[in-house]
Amino acid sequence: MVGVIGDAVRGSFSPRIHNAAFAALGLNWRYVAFPVTRDRLADALRGLPALGIAGANVTVPHKEASLAYLDDTTEEARAIGAINTIQITGQRLIGHNTDGGGLLDALRTDGRASIPGARVVIVGAGGAARAAAFALAGAGAAAVTIANRNWDRAAALGDVVRRAFSGCAVDAAPLDGEGVTAALREASLLVQATTLGGGAERSISPVAADALHPGLLVMDMIYEPRETVLLREARARGCRTLGGLSMLVYQGARAFEIWTGRPAPVAVMREAVGLDRAISSERR
């Protein structure tokens, strides 16, 4: 048994992806959603080994807070300061971060993006944004600007990434300021890594439409709705777009391999959520 731990996971597509993969490989595994509020996170994580759970994904808002309750983490996850995957070995909880690798897989495979030398703007400063910043800087981006409503959080993340990747120009900007608009003028990639645009906030775009331009690939990590307000406005302004389903599949494939030790049937996982149809729609 594996599953996803988060505050609002009942509508997660991850069970579809993983259960289709388990069935395709004939594995006697099952993936379920575990709704867990902030105040019950410690209890939930500490109880996983006793329940015989083999592993878990961790999503909003627990990616950073979970670190305090693990027995070990990978070097990458420690550097990022956030996890999204837990491997359970005996009684030990081991934290991994597959978000960054999944993002790069999605951008390269479905976004047809070239990262080396790119100038990137990341919206957000939470766990998903942290993974994105480390992955893109590590993949050779020339510049990364982190834009967030809370400038202090953006600046703190920028400092960490700058120290880790001296060859990447890292900056921070308030989300509603001229700094982010100026960064977007020079950018070839925008990665939206907040919850704005989904759930109760699905009518909101965190980026002003007039800051978007046709030379931009706009990637939104939100996958429900499949076309967020940001993606709709980006397409209207001639941008290439990529929804969050692709990253969901590829980070999930990496988690699947950590838990099972088997190559993930990526084609099956893509089909389970209609990813190829979604990509075709985005490219029309």
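Up top you'll find the structure we're talking about.
Here's what I pulled together on the structure shown here.

Details of the overall build of the protein
(1) Moving on: Scanning the protein from terminus to terminus reveals eleven helices and twelve strands.
(2) Moving on: For a compact globule of 284 residues, the expected C-alpha radius of gyration is about 19 Å, and the protein comes in at 18 Å, within 12% of that figure.
(3) Moving on: Counting only C-alpha atoms and orienting by the principal axes, one finds that the protein spans roughly 50 × 40 × 35 Å.
(4) Moving on: The burial tally for the protein puts 55% of its 284 residues in the buried class.

Some details on the nonpolar core
(1) Moving on: Counting residues in hydrophobic clusters, the biggest one holds 64 residues, and the most contacted among them are Leu103, Leu107, Ile115, Ile122, Leu136, Val191 and Met221.
(2) Moving on: Every residue in contact with Leu103, bar those within four places of it in the chain, is listed here: Ala132, Leu136, Val191, Met219, Met221 and Met247.
(3) Moving on: Grouped together as the second largest cluster of nonpolar side chains are 19 residues, Val123, Ala147, Val207 and Leu212 included.

A look at the environment of Asp43
(1) Moving on: You can see Asp43 is positioned in helix H2 (residues 41–47).
(2) Moving on: A relative accessible area of 45% means that Asp43 is categorised as partly exposed.

Quick word on helix H8 (residues 229–236)
(1) Moving on: Residues of H8 that are buried: Val229, Leu230, Leu231 and Ala234.
(2) Moving on: At its buried positions, H8 is contacted by strand S10 (189–192), strand S11 (217–220) and strand S12 (240–242).
(3) Moving on: Once H8 ends, the next one or two residues include Gly238, with phi positive near 90 degrees.

Notes on the sheet that holds strand S5 (residues 85–89)
(1) Moving on: Pairing is mixed in the open sheet, where six strands are placed in the order S2-S1-S3-S5-S6-S4. Each edge of the sheet is formed by a strand with only one pairing partner; in this case those strands are strand S2 (31–35) and strand S4 (72–73).
(2) Moving on: Where S4 lies against strand S6 (residues 92–96), two bridges are found, and the strand directions are parallel. Paired with Thr73 across the two strands is Gly95, which belongs to S6.
(3) Moving on: Relative to S2, helix H1 (residues 14–25) is tilted by about 155 degrees, and along the sheet it contacts strand S1 (2–6), S2 and strand S3 (55–58).

The rules behind these values
Residues numbered from 1 in each chain as written. Predicted model: local features only at pLDDT ≥ 70, side-chain atom pairs only at ≥ 80, totals over all residues. Heavy atoms only, no water. Helix = DSSP H or I, 4+ residues; strand = E, 2+ residues; numbered from the N terminus. Rg over C-alpha atoms; globule rule 2.2 N^0.38 Å. Buried < 20%, exposed > 50% of the residue type's maximum accessible area, 1.4 Å probe, protein only. Core = buried A, V, L, I, M, F, W, Y, C linked by side-chain atoms within 4.5 Å. Contact = heavy atoms within 4.5 Å. Pairing = 2+ DSSP bridges. Axes fitted to C-alpha atoms, helices over the stretch in contact; angles between N-to-C directions.

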